Amino acid sequence: MFWLLLGACESMPTSGSVFSPASVAAPAPPVVATGAADPRFAEPEPFRISSEEMSGEGAGEDEEDGGALDPVDAAVAVAARAPSEVPVSSVVAGVGQFPVRLVSTMAQAQPPRAVLGLPDGSEIVVSPGSVLGPEALVVMAVMDGRVQVAKVRPAGDHAVIESVELTAQYR
């Protein structure tokens, strides 16, 4: 066992003094390959446009210089200058008009159904999962004498959903 330990040890040069540490050469810095950059990871030059170019003031200057636009670019430029129409949402049920009301329920039917009175005076039979587009309502559940609906309102790039429970006034 002793011979095995002696054979496994590496001999070092002496420092000349018993209590001074042996000098060790500093390790060489790692070699990094500096090849050409991989074109798959190259970032493209960012697109830059000035405010004058965006407002369309610079477009007339290009045409005076003789630089004519091809038909596709000309159509895009005309569409960009035209004022865009903002879609107007319809009035949500219950805001400024007579709200949707529950006329009757048929909870024992399969699927359960309910008769809703609409703001225009008409009546419609609905079941869970029915969507009433003009009123912005989704029927969630039909119970005996009650209907749970979700009122959906647009709010920018998302929607606000409010849960409402309608109760029949007459049984």
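None of the values given here were measured: they were computed from a predicted structure.

What counts and how
- Residues numbered from 1 in each chain as written.
- Predicted model: local features only at pLDDT ≥ 70, side-chain atom pairs only at ≥ 80, totals over all residues.
- Heavy atoms only, no water.
- Helix = DSSP H or I, 4+ residues; strand = E, 2+ residues; numbered from the N terminus.
- Buried < 20%, exposed > 50% of the residue type's maximum accessible area, 1.4 Å probe, protein only.
- Areas by Shrake-Rupley, 256 points an atom, 1.4 Å probe, with all protein chains shown as cover.
- Pairing = 2+ DSSP bridges.
- Axes fitted to C-alpha atoms, helices over the stretch in contact; angles between N-to-C directions.
- Salt bridge = Lys/Arg side-chain N within 4 Å of Asp/Glu carboxyl O.
- Core = buried A, V, L, I, M, F, W, Y, C linked by side-chain atoms within 4.5 Å.
- Contact = heavy atoms within 4.5 Å.
- pLDDT = per-residue confidence, 0-100.

Let's shift gears to the overall build of the protein. Secondary structure assignment for the protein yields 4 helices and 7 strands. Along the protein, helices and strands appear, N-terminal first, in the series α-α-α-α-β-β-β-β-β-β-β. Within the protein, buried positions represent 16% of all 171 residues. For the protein, the accessible surface area stands at approximately 14100 Å², while carbon and sulfur atoms represent 60% of it.

Here 3 strands make up an open sheet; going across it, the order is E1-E2-E3 and the pairing antiparallel. If you trace the sheet from one side to the other, it starts and ends with strand E1 (101-106) and strand E3 (123-126), each paired once. Across the sheet, the axes of successive neighbouring strands diverge by a mean angle of 20°, strand direction being ignored. Examined bridge by bridge, E1 and strand E2 (residues 113-117) share 5 bridges and lie antiparallel to one another.

Moving on, we get to the pattern of salt bridges. If you walk through the whole model with that rule in mind, you get 2 salt bridges. Residues Arg153 and Glu162 are paired through a salt bridge, measuring 4.0 Å at the closest nitrogen-oxygen approach. Assessed through its relative accessible area of 35%, Arg153 is described here as partly exposed.

Ranked by internal contacts, the top residues of the largest apolar core, which has 14 residues, are Leu102, Leu116 and Val147. Within the residue set of this core, elements represented by two or more residues are E2, strand E5 (137-143) and strand E6 (146-155). Looking at this core, the element that brings in the most residues is E5, giving 3 residues. Excluding residues within four positions of it along the chain, Val147 makes contact with Leu102, Thr105, Ala114, Val139, Ala141, Val142, Val164, Glu165 and Leu166.

Okay, the sheet that holds strand E7 (residues 158-167) next. In space, the 4 strands of this open sheet follow the order E4-E5-E6-E7, with antiparallel pairing throughout. Lying at the two open borders of the sheet, with one neighbouring strand each, are strand E4 (131-132) and E7. As paired strands, E4 and E5 are joined by 2 bridges and run antiparallel to one another. Each residue of the ladder has a partner; that of Val131, found in E5, is Val138.

Take the confidence of the model for the protein next. When pLDDT is averaged across the protein, the result is 75; 64% of the residues are at 70 or more. Note on residues 60-66: pLDDT is under 50 here. Beyond four places in sequence and across chains, it has 2 contacts. When the criterion is pLDDT under 50, residues 86-95 qualifies, and its contacts beyond four places in sequence or with other chains add up to 11 contacts.

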